[in-house]
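Fold and contact review
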Amino acid sequence: MEFYKINPAYADNLMLLDDAGNRVTYDDFSAFYTETESHLRTRSLLFLFCENSIGSVFFYLLCLNKGLVPLLLDANMDQILARQLVETYTPDYIALPGRRAAPWGALACAEGFSYAVYENPAAKREDRAGGLHEDLALLLTTSGSTGSPKLVRQSQKNITANAASIADYLALSAAERPITSLPMQYTYGLSIINSHLLVGAAVLLTNRTLFEKEFWDFFNAAGATSFGGVPYTYEMLKRLSFFRMELPSLLTMTQAGGKLSPRLHQEFAEYAAKTGRRFIVMYGQTEATARMGYLPAADALRKCGSMGIAIPGGRFRLMEDEKTEVLVPETVGELVYEGPNVTMGYAQCREDLKKGDERGGVLFTGDMAKRDADGYYYITGRKKRFLKLFGKRVNMDEIEQLLKAEYEGLDVACTGEDDHMRIFVVCRDTAFCRQAEEWLSAKTGLHISGIRFLSIDEIPKNEAGKTLYKNLPADS
Amino acid sequence: MSNLETYNKIFRSMFRKTDEELPALKYRGIALWDSIGHMDLMGELEEAFDIRIDTQDVLDFTSYEKGKEVLGRYGVVIE
């Protein structure tokens with residue numbers, strides 16, 4: 001059964017709790033669905049501006065149940081970038097947190113739990129019939145911060161298969177109470193919600209950060225049993241002397257969204273072993289719905305630095321090129337994943353939403369990896385030009401395009417490592433560099449401490465004018 | 001440099017604000033003072049004043065003004 005279809009056995013279970021003291025059961029969602037669904041047309045495109053709240057989760061689930069296709073976006077994203085996305089895809093509906101009025105003064109066509117849905121006046125009647133492939137269920141961004149129109153197309157089968165696989169390898173039950181330490185429009189945050197709703201558990205919703213007392217008060221008061229974190233989350237937990245905190249309800253910590261440093265992996269694995277908890281390192285991408293690999297808790301210390309093995313129902317292999325498989329242990333190749341959660345493909349425009357499955361269950365991840373003699377995988381690098389800034393995927397070519405659009409004639413080359421992006425510009429003016437850092441940070445919502453502009457006399461290029469990133473200074 | 005000057009300098013450079021804007025600064029009140037900014041801020045203050053800010057105080061450090069009180073607990077008087 002699809003994870004979002006309400007299982008009658010869960011009717012009285014608590015489903016969602018928020019930090020303002022609101023609580024709803026699975027039955028409350030059924031009542032909300034019955035009341036609201038007739039106001040929205042099936043097979044429509046809906047932009048859902050998300051926050052971690054009951055209304056946001058309810059409208060997301062309503063869409064999946066009713067056959068609307070939602071694109072999940074950050075409610076706080078840059079307004080101009082949001083408008084560009086609306087223009088590119090002309091969604092039929094836009095759903096916003098209730099306190100924000102529709103900019104065009106329209107009346108809401110559906111409301112509930114502090115969320116409101118508006119018709120997009122720009123969406124024409126004729127666009128509304130068809131236009132969405134029958135298998136398409138959900139859209140997520142590849143790089144939310146740059147406002148890139150490149151979206152990942154996910155099917156019902158993808159979402160359900162991945163939620164079931166996650167619930168299986170984490171051995172989830174209705175007694176679980178994960179707390180949302182990540183935003184729901186982020187594939188990892190969403191997978192936590194999906195996999196727990198599948199088993200009838202209660203999800204604790206908060207928009208608070210780890211550095212707020214209210215987060216930990218809610219954590220303890222509601223009895224959180226697990227949380228998920230990107231590598232930066234674990235840096236913050238270290239900073240908070242997490243190992244000394246009193247968290248009696250905590251059972252499980254999961255990590256994804258980039259490679260954790262072996263030092264932090266070791267420390268958290270040791271802490272978990274000592275306190276009888278589980279620490280589970282995982283691996284995934286939006287292109288595979290969410291999850292592809294996990295390191296079983298029992299192996300956390302023994303296989304420190306590894307992202308583990310394929311999830312139930314999936315399979316990894318390493319490829320030298322399109323055709324040749326790497327079979328020798330400890331040899332690096334491109335990581336390829338096969339499984340029912342491999343998504344349908346990308347979309348760049350509304351027309352692409354008509355497309356069916358383009359991948360046939362096989363994903364070339366773009367990550368380079370090796371496998372040890374026991375069959376455990378280790379990520380060693382990336383093939384593609386992107387990096388992760390504090391867990392958010394950033395396409396460096398898109399950053400260059402954003403800057404060239406804003407600063408006409410600017411010669412720019414973007415490079416770096418996770419959490420440290422370096423942007424070389426042919427410009428001697430250091431005041432400009434500081435100002436451009438601020439502009440880019442504000443535009444993308446990426447924190448400024450991960451962005452550094454550097455002056456260079458000339459961007460190294462080949463004869464065809466292509467930037468030679470390898471010839472840029474390594475670090476300075 | 002007085003403690004206040006050091007304190008202000010860290011806030012100015014980290015959050016790109018002027019002295020006049022500092023008293024109104026609150027955690028999550030501006031984009032740069034998010035959890036990543038907070039982490040960096042704690043690190044800078046610890047280094048500048050040679051202290052180690054513990055869990056409760058990291059959580060208690062909710063604004064520019066409140067931060068002065070927090071540092072006071074470590075014998076760092078900001079005035």
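None of these values were measured; they are calculated from a predicted model.

1. Quick word on the overall build of chain B
Helices and strands together make up the secondary structure of chain B, namely four helices and zero strands. A globule of 79 residues ought to have a C-alpha radius of gyration of about 12 Å, and chain B, at 11 Å, matches this closely. Dimensions of chain B along its principal axes, counting C-alpha atoms only, are 30 × 25 × 20 Å. Considering chain B as a whole, with its 79 residues, one finds that 28% of them fall into the buried category. Considering only residue pairs separated by 6 or more positions, chain B has 43% of its internal contacts joining residues 24 or more positions apart.

2. Some remarks on the domain arrangement of chain A
Residue and element names in this part refer to chain A. Each assigned domain of chain A is listed with its residue range as follows: domain 1 (8-381) and domain 2 (387-471). If you average the C-alpha positions of domain 1 and of domain 2, the two centres end up 28 Å apart. Taken together, the contact between domain 1 and domain 2 spans 13 residues of the former and 16 residues of the latter. Residue classes in the side of domain 1 that touches domain 2 are distributed as four nonpolar, eight polar and one charged.

3. A word on the pairing of strand E1 (residues 14-18) of chain A
All names here are of chain A. Burial within E1 is extensive, with four of its five residues counted as buried. With three bridges joining them, E1 and strand E10 (residues 203-205) adopt parallel strand pairing. Residue pairing in the sheet places Asp-18 in a bridge with Leu-205 of E10.

4. Re the sheet that holds strand E25 (residues 420-425) of chain A
Residue and element names in this part refer to chain A. Strand order across the open sheet formed by three strands is E24-E25-E26, with mixed pairing between neighbours. Edge positions in the sheet fall to strand E24 (412-417) and strand E26 (451-455), since each of these pairs with one other strand and no more. Direction aside, neighbouring strands of the sheet carry axes that sit 25° apart on average. Where E24 meets E25, six bridges bridge the pair, whose relative direction is antiparallel. Residue pairing for E25: Thr-415 is matched across the bridge by Arg-422. Where helix H11 (residues 430-444) meets the sheet, it contacts E25 and E26, and its direction lies at approximately 155° from that of E26.

5. A few points about the packing of helix H8 (residues 231-239) of chain A against helix H2 (residues 35-49) of chain B
Packing of H8 of chain A against H2 of chain B leaves a shortest axis separation of 11 Å and a crossing angle of 40°. In terms of orientation, H8 of chain A and H2 of chain B fall into the oblique class. In this structure, H8 of chain A meets H2 of chain B at a crossing whose hand is left-handed. Counting all contacts with H8 of chain A, which are made through Tyr-232, Glu-235, Met-236 and Arg-239 of chain A, the residues of H2 of chain B involved are Ser-35, Ile-36, Met-39 and Met-42 of chain B. Looking at side-chain class alone, the contact of H8 of chain A with H2 of chain B contains five nonpolar, one polar and two charged residues.

Calculation criteria
Residues numbered from 1 in each chain as written. Chains lettered and ligands numbered in written order. Predicted model: local features only at pLDDT ≥ 70, side-chain atom pairs only at ≥ 80, totals over all residues. Helix = DSSP H or I, 4+ residues; strand = E, 2+ residues; numbered from the N terminus. Rg over C-alpha atoms; globule rule 2.2 N^0.38 Å. Buried ≥ 20, exposed ≤ 12 C-beta atoms within 10 Å, placed from the backbone. Contact = placed C-beta atoms within 7 Å. Domains from an automatic or database assignment. Nonpolar A, V, L, I, M, F, W, Y, C, P; charged D, E, K, R; others polar. Pairing = 2+ DSSP bridges. Axes fitted to C-alpha atoms, helices over the stretch in contact; angles between N-to-C directions. Parallel < 35°, antiparallel > 145°, perpendicular 65-115°, else oblique. Left-handed = near helix turned anticlockwise from the far one by under 90°.

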